Amino acid sequence: MTVRKNQANLTADEKRRLVAALLELKRSGRYDDFVRIHNDFIVGDTDNGERTGHRSPSFLPWHRRFLLEFEAALQEVDASVALPYWDWTTDRTPRASLWAPDFLGGTGRSLDGRVMDGPFAASTGNWPINVRVDGRTYLRRSLGSGGRPLPTRAEVESVLAIETYDMPPWNSGSDGFRNHLEGWRGVNLHNRVHVWVGGQMATGVSPNDPVFWLHHAYVDKLWSQWQRRHPNSPYLPATGTPNVVHLNGTMKPWNNVRPAELLDHTRHYTFDVA
Ligand SMILES: [Cu+2]
C-alpha cells in the first residue's frame, strides 16, 4: 500500500529515489504528457462553459485521479516511490529543506528567474521545459517574491470549517469548501501557493515544476481532512448539472471514472499522519 509522507520527513534515500524516478519519466517523454494534459484543462475549463479540472466541483477528484496516474507512472520506474506532500503552512520559507540542492533546488536568480541548483536546474541538461507558454526552456521560480505569504494553519482551519462542499454556480464565484480551498474566493489557499512559487508554477504548465505534485498532494490531504471533519457533507452536485461533473458523472480525459469512485483515498493510498 502506498503511504504518502510529509516531504520534510523523507530520508536522503527516499529523496534520491523520487528524484531519479522524476528524471526518468522526463527522459522517457512521459512526464511532459502530464504537463500537456494539465494545460489543456486549464485552457479549456471556463466559468460559464464545460469545466472539469479547475474552477468547478471536480477540481478535487480530478486532481486526485491526475496524481494517482502520475504516482503509478513513478512506481513503474521505482515501485518504492510514493508522492510526498508539502505542508506549506509549516515549511513556509525558501530555507525549507524542500528547496535544498539534494531535493527540488531553490529559487531562481533575479535576472531571469532561472533555477541554478538542484536536479532540475537547466544546467544539468536533465530538465528541459518542452511544454511551455513562452520561449523559455529552463525551470523558473521566484519563491515568495512580491506576493502574499503562504497560507497559515489558521487560514487552513477557517476553510476546513466550511460545511458545504460546493454551491451553485459551481465555478470560481461559488461559496463553499471547494472554491475556498481552490482559492478563487476568500483567504485563497491553493491558488496562492502557485503564485508564491512563481515561474512555471504560476502558469497553466505548472506541472513543469516537480513541486506541483507535492503541492497538490497536500491539497488532496486537506480534502480528506475536510471529509473526516464533515462526515455528513457529500460531494455536490449530486445530480446532472450543465457543464459540471456531478457525483456520478464521468470525468474527462479518462471518461471511465466518476467523483463517486474517488471520494475514498484509502483504496489507493494512506497518509503518514491523518
Ligand atoms: Cu494547482
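Since we're looking at a predicted model, the values are computed, not measured.

Criteria and cut-off values
- Residues numbered from 1 in each chain as written.
- Predicted model: local features only at pLDDT ≥ 70, side-chain atom pairs only at ≥ 80, totals over all residues.
- Heavy atoms only, no water.
- Helix = DSSP H or I, 4+ residues; strand = E, 2+ residues; numbered from the N terminus.
- Buried < 20%, exposed > 50% of the residue type's maximum accessible area, 1.4 Å probe, protein only.
- Contact = heavy atoms within 4.5 Å.
- Donors = N, O, S within 2.8 Å, 3.2 Å for Na, K, Ca; no water.
- 1 Å grid on protein atoms, 1.4 Å probe; cavity = no way out; pocket = protein on both sides within 12 Å on 5 of 7 lines; lining within 4 Å.
- Points joined across faces, edges and corners; volume = space filled by probe spheres on them.
- Core = buried A, V, L, I, M, F, W, Y, C linked by side-chain atoms within 4.5 Å.

A.B. asks: Help me out: how do you make sense of the side chain of glutamine 225 in this one?
C.D. replies: On the secondary structure map, glutamine 225 appears in helix α7 (residues 211-229). A residue is classified by how much of its surface remains accessible, and glutamine 225, at 10% relative accessible area, is buried. Dropping the residues within four chain positions of it, glutamine 225 is found in contact with Arg153, Leu160 and Ala274.

A.B. asks: Which parts of the structure should I look at to understand the side chain of glutamine 7?
C.D. replies: Among the structural elements, glutamine 7 can be located in the loop between β1 (2-4) and α1 (12-28). Here glutamine 7 falls in the buried class, since its relative accessible area comes to 0%. Look past the residues within four positions of glutamine 7 in its chain and what remains in contact with it is Lys15, Pro84, Tyr85, Trp86, Asp91, Ser97, Leu98, Phe103 and Leu214.

A.B. asks: Hey, could you run me through the environment of glycine 204 in this one?
C.D. replies: Within the secondary structure layout, glycine 204 lies in the loop between α6 (190-197) and α7. Residues glycine 204 and arginine 192, spaced 12 residues apart in sequence, show a C-alpha to C-alpha distance of 14 Å. Each residue touching glycine 204, except ones within four places of it in the same chain, is listed here: His38, Asn39 and Ile42.

A.B. asks: Would you explain the coordination of the copper ion in this entry?
C.D. replies: For a metal bound by four donors in tetrahedral geometry, the ideal donor-metal-donor angle is 109.5 degrees, whereas six donors in octahedral geometry ideally sit at 90 or 180 degrees. Binding of the copper ion to the protein goes through His190 (NE2), His194 (NE2) and His216 (NE2), at separations of 1.9 to 2.0 Å. Read N to C, the donor residues that coordinate the copper ion are spaced as H-x3-H-x21-H. In this pair, histidine 190 sits in helix α6 while histidine 216 sits in helix α7, placing the two residues 26 residues apart along the sequence.

A.B. asks: Would you explain empty space enclosed by the protein in this entry?
C.D. replies: Empty space among the atoms can be located by rolling a probe the size of a water molecule over them. For the structure on display, the rule yields one cavity of 30 Å³ or more. The space that makes up the largest cavity amounts to roughly 40 Å³. Lining of the largest cavity is provided by Leu18, Leu22, Phe70, Leu74, Leu83, Pro84, Pro210, Trp213 and Leu214. Going through the elements one at a time, α1, α3 (59-77) and α7 are the ones with two or more residues in the lining of the largest cavity.

A.B. asks: Which parts of the structure should I look at to understand the nonpolar core?
C.D. replies: What tends to happen in soluble globular proteins is that the nonpolar side chains get buried as a cluster. Counting 69 residues, the largest nonpolar core has Trp86, Trp88, Trp99, Phe177 and Trp213 as the members making the most contacts within it. With 10 residues, α7 is the single largest residue contributor to this core. Setting aside anything within four residues of it in sequence, one finds tryptophan 88 in contact with Leu150, Pro151, Val156, Leu189, Val193, His215, Tyr218, Val219 and Leu222.

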